[in-house]
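Secondary and tertiary structure notes
The chain contents come next:
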Amino acid sequence: MGDRDFERQMQGWSLTTAEIMYRLPDFRNVLQTYIWQDYDLAPKFPRLIKFLEFWSHNLEGPLAQVRVAHAGLVGPVDLRHVGAEWRLH
C-alpha cells in the first residue's frame with residue numbers, strides 16, 4: 001500500500017483532509033463533525049467530490065460545511081541523487 005501512495009505523490013496527488021460538518025437527521029439544529037482523509041488531486045479533488053456526492057445521495061444528515069486542507073508530502077525538491085548506495089547483507 002505504501003508504494004502505491006508514493007507513486008501517487010510523484011504524480012501530483014497530495015494528502016487531503018476535509019472537515020465535514022453536517023446536521024443530524026432528527027435534530028437539524030445540532031451539527032456533527034466528520035473527518036475524511038485520503039490522497040487526492042488538488043485543486044479539483046475528484047475523490048472528495050465523489051465522496052460528498054455519495055454522502056448527499058445516500059446519507060440522511062445534510063451537509064452544512066466542508067473545509068479542505070491539503071499538503072504535498074513529497075515533491076521534486078525533496079528528492080535528490082545521493083551518488084552512492086551501500087547495502088548490508
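In short, a report on the structure.

Some details on the pattern of salt bridges
- Inspection of every chain in the model, using the stated rule, returns two salt bridges.
- For the salt bridge of Glu-19 with Arg-67, the shortest nitrogen-to-oxygen distance reads 2.5 Å. Here Glu-19, found in strand 1 (residues 14-23), pairs with Arg-67, found in strand 3 (residues 63-71); they are 48 residues apart in sequence, far enough to count as distant.
- Ionic pairing is found between Asp-38 and Arg-47, a salt bridge with its closest N-O pair at 3.5 Å.
- For Asp-38, a relative accessible area of 24% translates into the label partly exposed.
- Classification of Arg-47 by relative accessible area gives partly exposed; the value is 31%.

Some thoughts on the sheet that holds strand 1
- The strand order across the open sheet built from three strands is 2-1-3, with neighbouring strands paired in antiparallel fashion. One side of each edge strand has no neighbouring strand; the edge strands of this open sheet are strand 2 (31-40) and strand 3. Neighbour to neighbour, the strand axes of the sheet diverge by 15 degrees on average, direction disregarded.
- As paired strands, strand 1 and strand 2 are joined by 10 bridges and run antiparallel to one another. By the bridge assignment, Ile-20 is partnered in strand 2 with Tyr-34.

Description of the side chain of Asp-40
- Relative to the elements of secondary structure, Asp-40 occurs in strand 2.
- Put simply, Asp-40 is tucked away with no salt bridge, and the nearest opposite charge, on Arg-47, sits 5.7 Å away.
- There is a polar contact of 3.1 Å between the side chain of Asp-40 and the backbone nitrogen of Arg-47.
- Look past the residues within four positions of Asp-40 in its chain and what remains in contact with it is Trp-13, Ser-14, Thr-16, Phe-45, Pro-46, Arg-47 and Leu-48.

Regarding the pairing of strand 1
- Relative to strand 3, strand 1 runs antiparallel, the two being bridged by eight bridges. Paired with Thr-17 across the two strands is Ala-69, which belongs to strand 3.

About the thresholds
- In every chain, residue numbers begin from 1 and rise along the written sequence.
- Local features in this predicted model are restricted to residues whose pLDDT is 70 or higher, and side-chain atom pairs enter the listing and the counts only when it is 80 or higher, whereas totals over whole chains, interfaces and linings include all residues.
- The side-chain figures draw on all heavy atoms in the structure; neither hydrogens nor water molecules are used.
- Just to be clear on terms, a salt bridge is a Lys or Arg side-chain nitrogen sitting within 4 Å of an Asp or Glu carboxyl oxygen.
- Only runs of H or I of at least four residues qualify as helices and only runs of E of at least two qualify as strands under DSSP, and these elements are numbered from the N terminus.
- Only protein chains enter the accessibility calculation, which uses a 1.4 Å probe. A residue is then buried if its area is under 20% of the maximum for its type, exposed if over 50%, and partly exposed in between.
- Here the rule is simple: two strands pair whenever DSSP picks up at least two bridges between them.
- Only the stretch in contact is used when a helix axis is fitted, and all axes are lines through C-alpha atoms; the angle between N-to-C directions ranges over 0 to 180 degrees.
- Here Asp and Glu are counted as negative and Lys and Arg as positive; His is not counted, and neither are the chain ends.
- As used in this structure description, the phrase polar contact means that two N or O atoms lie within 3.5 Å; if the pair is within protein, one of them must be able to donate a hydrogen and the other to accept it, and residues adjacent in sequence are counted only when both atoms belong to side chains.
- Working rule for contacts: check all heavy atoms of both residues, and any pair within 4.5 Å makes them a contact.

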